[in-house]
Amino acid sequence: MEKKKITGAEALLFAFKEEKVDTIFGYPGGAIIPVFDALYTHKERLAFHHILTRHEQGAAHAAQGYARVSGKVGVVIVTSGPAAANIVTGVADAMLDSTPLVVVTGQTSVAALGSDAFQETDVLGITQAITKWSYQIRRAEDISWAVARAFYIAREGRPGPVVLDLSKDAQNQLIEFSYEKCRYIRSYQPEPELNPDKIARAAQLINQAKKPFAVVGQGVLLGRAEQELFNFLNKADIPAASSLLGLDVMPVDYRLNMGMVGMHGNVAPNKKTNECDVLIAIGMRFSDRVTGKLSEYAPQAKVIHFDIDPSEINKNVQVEVGVLGNVKKSLPAVTELLDKADHKEWIESFEEHKLCEYREVVSKDLYPNNGILTMAEVVKCLSDNTGENTIVVTDVGQNQITAARYFSAYNTRKIVTSGGLGTMGFGLPAGVGAALGSPESKVFVISGDGGIQMTIQELGTIMEYKIPVKVIILNNNYLGMVRQWQELFYEERYSSTSIQNPDFIALAAAYGIKGRKVEQRQDLVEAVREMIAADSAYVLEVMVEKKGIVYPMVPAGKCITEIMLKS
């Protein structure tokens, strides 16, 4: 008996169901209507939670937030032309931060391709440089194959985004549906095999080290290797610090956690980077924001680099040993060969730098001698009044770095931020995705007054779906991080960084969202607790010092030890 045929649009959605997709972020349009029609027709059978964002960029960032907290692949469906162009920022962000996405863009009919048809863009040409794979589907019979391949590539190995450009023809053609998950691609090796010689050499260097130091990145989270990391660090008694994206790998109170490295990182781990004899990089990529001036980055150390991506080994920093593979496998292999060690004196040497930073920076941030609220006070107040089951999503700028420094994470996948691309506007839609990806958590978005306005229309998404996201706007009436650079390095020429803002609380009210504005220190704790207690979305605007500077800071292009603590 001949099987019932379905459209390619239906096949796409049934393929998603086979991949256990439960949430889709999207925005309809002419070239993708057949897919949205199938979504409507089969809504009970598919049971997808479809979220209509207010902008395609918002859909991409929401999918990122969802993926980052859930560990699943984020899924986006948008139409052609301008919609496809609008997802580019989110796709590029996902590529740099290794976030698994499958993005489907509608496309004109095959016959019209290349004719500058209405709402036609060269999606493959635009996205090839910012995806792990991009592919144009011209025939319905190729949909199942392409979707299976897309999910495999997006999540296996080093995760990242995939774009499928789906022609109108493929959406409308009839086919017999079948689906087989992809488990192997001949040209793609997601996890390099462990090299026993490299494992042995890494263990030998660590066993010989007097001053070992580890820098931990998001690769540990992506590999779900948190316990393997702790076993490794504990056995060899290795102090460790994290990159920005690795902040929630280690609990803030873990005895070997020395803080964050990089441009706005903690003094102790930055200084000790250039004092250690063996530097162990674990699931991080030696970003310029971490290394500072490369020629003066840890020149005294023998470097061991654990990574799943061969292209990262020796890309920025020359290493003594590159240990390729998933850290969930490579770390235990090295740990087994390690001697039980005690580096008490080396670990204690970090303390003097911690005390210096507290005296010169932290105490002034948290206990200023004037009546003006600081960003640090607000973040610390939030941290002190929330539990361990809290997710903080940041925007980009001073708000981001302040959150990284003063919000204390005790569990993994609890801090979501835009690292490599540094995308203003990331915070609000990513917070929407995070709330849907981890509904048991309380989600707080920390944003500046500039970044929030880049995607503020996503308050409409929060309103429609009653998503209980709490938003803190740190308002200094400036594009704060750019203003900081202008003050420090451009002789206070504040070009286009002062910003006039709307009444954020009235704007929130227009979307049916509760809110409150705080201008005085004595009102802060009560307002934060009111926000936390709210059973629905909430916008808390806090007026903070206009010309605050986030310290410590390593100026761009300087050695990682050239740390500014004050003006």
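Our structure's up above, just so we're on the same page.
Being a predicted model, the structure only gives us computed values, none of them experimental. As a convention, each chain's residues are numbered from 1 in the sequence order in which they are written. Local features in this predicted model are restricted to residues whose pLDDT is 70 or higher, and side-chain atom pairs enter the listing and the counts only when it is 80 or higher, whereas totals over whole chains, interfaces and linings include all residues. Side-chain numbers come from the whole structure's heavy atoms, not from hydrogens or water.

*Asks:* I would appreciate a short explanation of the overall build of the chain in the present structure.
*Replies:* Segments assigned H or I by DSSP are reported as helices when at least four residues long, segments assigned E as strands when at least two residues long, and all are numbered from the N terminus. The secondary structure content of the chain amounts to 24 helices and 20 strands. Computation of the radius of gyration draws on C-alpha atoms, with the globule rule given as 2.2 Å multiplied by the number of residues to the power 0.38. Over its C-alpha atoms the chain spans a radius of gyration of 24 Å, differing by no more than 12% from the 24 Å that the globule rule assigns to 567 residues. Its C-alpha atoms give the chain principal-axis dimensions of roughly 75 × 60 × 40 Å. For the chain, buried positions account for 60% of its 567 residues. Exposure classes here rest on a 1.4 Å probe applied to the protein chains alone. A residue is buried below 20% of its type maximum, exposed above 50%, and partly exposed in between.

*Asks:* Help me understand the packing of aromatic side chains in this model?
*Replies:* Two measures describe an aromatic ring pair: the distance that separates the ring centres and the angle between the ring planes. Any two of the Phe, Tyr and Trp rings considered here, Trp counted by its six-membered ring, make a pair once their centres fall within 6.5 Å; the pair's planes then place it as stacked at under 30 degrees, edge-to-face at over 60, or tilted in between. Following the criterion strictly, the structure yields 15 aromatic pairs and no others. A ring pair is formed by Phe177 and Tyr179, whose centres lie 6.4 Å apart and whose planes are at 20°; its orientation type is stacked. Tyr179 shares its class with Phe177; the two are buried. Counting every residue linked through ring pairs, the aromatic cluster contains Phe14, Phe177 and Tyr179. Working rule: Lys NZ or Arg CZ, within 6 Å of ring centre, within 35 degrees of ring normal, means a charge sits over the ring. Taking NZ or CZ as reference, Arg45 lies 4.1 Å from the ring centre of Phe14, over its face. Above the ring of Trp133, the side-chain terminus of Arg149 is found at 5.2 Å from the ring centroid.

*Asks:* Even after reading the chapter, I still don't get the side chain of Thr417, so can you show me in this structure?
*Replies:* Secondary-structure assignment places Thr417 in the loop between strand S16 (415–416) and helix H20 (427–437). Polar contact criterion, stated in full: a pair of N or O atoms within 3.5 Å, where within protein one must be able to donate a hydrogen and the other to accept it, and residues adjacent in sequence count only if both atoms are side-chain atoms. Polar side-chain contacts of Thr417 include one of 2.8 Å to the side chain of Gln400. Those residues in contact with Thr417, other than ones at most four positions away along the chain, are Arg68, Asp97, Leu244, Leu245, Thr394, Asp395, Gln400 and Phe426. Residues count as neighbours in contact if any of their non-hydrogen atoms are within 4.5 Å of one another.

*Asks:* Just to check I follow, could you spell out unusual backbone geometry for this structure?
*Replies:* Working note: non-glycine residues mostly have negative phi, and peptide bonds are mostly trans. Residue Pro552 follows Tyr551 across a cis peptide bond; omega there is -5°. Turning to its location among the elements, Pro552 is positioned in the segment after strand S20 (538–543). In this model, Arg224 sits at a positive phi of 50°, which is unusual for a non-glycine residue. For Arg224, the position within the fold is in the loop between helix H11 (219–222) and helix H12 (226–236).

*Asks:* What exactly am I supposed to notice about the pairing of strand S2 (residues 23–27) here?
*Replies:* Residues in a regular strand project their side chains so that they alternate between the two faces of the sheet. For S2, a buried count of four out of five residues is recorded, marking the element as mostly surrounded by other parts of the structure. Two strands pair when backbone bridges link them, and S2 and strand S3 (residues 49–52) are joined in this way by four bridges, in the parallel orientation. Directly across from Thr23, in S3, lies its bridge partner His49. Two strands make a pair as long as DSSP finds a minimum of two bridges between them. Two elements, S2 and strand S4 (residues 74–78), share three bridges in a ladder whose sense is parallel. Directly across from Gly26, in S4, lies its bridge partner Ile77.

*Asks:* When you look at empty space enclosed by the protein in this model, what are you seeing that I'm missing?
*Replies:* If a probe as big as a water molecule is rolled over the atoms, it shows which places are left empty. Of the grid points, spaced at 1 Å and generated over the protein atoms alone, those admitting a 1.4 Å probe that cannot get out make up cavities, while open sets with protein on both sides within 12 Å along at least five of seven lines make up pockets; any residue with an atom within 4 Å of a point is treated as lining. Grid points are joined across faces, edges and corners, and a volume is the space filled by probe spheres set on the points. Tallied over the entire structure, the rule returns two cavities of 30 Å³ or more. Around the largest cavity, the lining residues are Ile452, Ile456, Leu459, Val471, Ile473, Phe504, Leu507, Ala508 and Val539. Of all the elements in the fold, those that place two or more residues in the lining of the largest cavity are strand S18 (470–475) and helix H23 (504–510). Under the grouping applied here, Gly and all other residues not named as nonpolar or charged are polar, the nonpolar ones being Ala, Val, Leu, Ile, Met, Phe, Trp, Tyr, Cys and Pro and the charged ones Asp, Glu, Lys and Arg. Looking at side-chain class alone, the lining of the largest cavity contains nine nonpolar, no polar and no charged residues. Lining the second largest cavity are Gly387, Glu388, Thr390, Phe407, Ser408, Ala409, Tyr410, Asn411 and Lys414. Within the lining of the second largest cavity, the residues separate by chemical class into three nonpolar, four polar and two charged.

*Asks:* Would you mind showing me how to read helix H1 (residues 8–18) here?
*Replies:* Residues lying three or four places apart along an α-helix face the same way, a consequence of the helix completing one turn every 3.6 residues. With nine of 11 residues buried, H1 lies mostly within the body of the structure. Note on H1: the residue one or two positions beyond its end, Lys20, has a positive phi of about 65°.

*Asks:* I'm lost on the pattern of salt bridges in this one. Help?
*Replies:* Pairing between side chains of opposite charge can happen when their charged atoms approach one another. Salt bridge, as applied in this entry: a Lys or Arg side-chain nitrogen positioned within 4 Å of an Asp or Glu carboxyl oxygen. The full count for this structure, using the stated rule, is 28 salt bridges. Across the pair Arg139 and Glu141 runs a salt bridge whose closest N-O atoms are separated by 3.1 Å. The exposure class of Glu141 is exposed, given its relative accessible area of 54%. The structure contains a network of salt bridges with shared partners spanning Arg158, Asp309, Glu312 and Lys315.

*Asks:* Looking at this structure, how should I read the side chain of Thr53?
*Replies:* Examined against the element boundaries, Thr53 turns out to sit in the loop between S3 and helix H4 (56–70). Only 3.0 Å separates the side chain of Thr53 from the backbone oxygen of His55, close enough to count as a polar contact.

*Asks:* Is there a simple way to think about the sheet that holds strand S17 (residues 442–448) in this case?
*Replies:* Within a sheet, each strand pairs with its neighbour through backbone hydrogen bonds, oriented either parallel or antiparallel. Ordered in space as S16-S15-S17-S18-S20-S19, the six strands form an open sheet in which the pairing is parallel. At either margin of the open sheet sits one strand with a lone partner, and together these are S16 and strand S19 (514–518).

*Asks:* Would you take a moment to explain the nonpolar core for this structure?
*Replies:* Where a protein is soluble and globular, its nonpolar side chains tend to be buried together. Membership of the largest hydrophobic core comes to 99 residues, with the highest contact counts inside it found for Phe232, Leu233, Leu279, Ile280, Ile282 and Ile304. No other element matches the six residues that helix H18 (residues 375–385) contributes to this core. Here Leu233 is in contact with Ala214, Ile238, Ala240, Met250, Tyr254 and Leu256, once residues within four sequence places are set aside. Definition used in this section: a nonpolar core is a set of buried Ala, Val, Leu, Ile, Met, Phe, Trp, Tyr and Cys residues joined via side-chain atoms within 4.5 Å.

*Asks:* Can you walk me through the sheet that holds strand S5 (residues 101–107) in this structure?
*Replies:* Reading across from one edge, S3-S2-S4-S5-S7-S6 is the order of the six strands in this open sheet, with parallel pairing throughout. At either margin of the open sheet sits one strand with a lone partner, and together these are S3 and strand S6 (133–137). The sheet shows a mean angle of 20° between the axes of neighbouring strands, direction not considered. Where S6 and strand S7 (residues 161–167) come together, five bridges link them in parallel fashion. Bridged to Tyr135 within S7 is Leu164. Fitting a line to C-alpha atoms yields each axis, with helices limited to the stretch in contact; the angle taken between N-to-C directions then spans 0 to 180 degrees.

*Asks:* What should I look at first to understand the packing of H1 against helix H8 (residues 143–155) in this one?
*Replies:* Geometry of a packed helix pair, given as the angle between the helix axes and the separation of the axes. Close contact between H1 and H8 brings their axes to 9 Å; oriented N to C, the two are set at 30°. Crossing hand, H1 versus H8: right-handed. For the pair H1 and H8, contact is made by Gly8, Ala11, Leu12, Ala15 and Phe16 and by Ile143, Val147 and Phe151, respectively. Crossings are sorted by hand: turned counterclockwise from the far helix by less than a right angle, the near helix makes the crossing left-handed, and turned clockwise it makes it right-handed.

*Asks:* Before we go on, may I ask you to explain the layout of surface pockets in this structure?
*Replies:* Its volume calculated, the second largest pocket comes out at about 710 Å³. Lining the second largest pocket are 24 residues, and of these Val252, Met258, Gly259, Asn266 and Arg405 lie nearest its centre. Mapped onto the lining of the second largest pocket, the elements with two or more residues apiece are strand S11 (257–260), helix H17 (351–366) and helix H19 (398–406). Broken down by class, the residue content of the lining of the second largest pocket amounts to 14 nonpolar, five polar and five charged.

*Asks:* Explain the pairing of S17 to me, please; I cannot follow it from the model alone.
*Replies:* For S17, a buried count of six out of seven residues is recorded, marking the element as mostly surrounded by other parts of the structure. Strand direction decides the pairing type here: strand S15 (residues 390–394) and S17, joined by five bridges, are parallel. Note on S17: the bridge partner recorded for Thr390 is Lys442. When the strands point away from the viewer, a crossover counts as right-handed if the route from the first strand across the helix to the second turns clockwise. In this fold, S17 hands off to helix H21 (residues 459–465), which returns the chain to S18; that crossover is right-handed.

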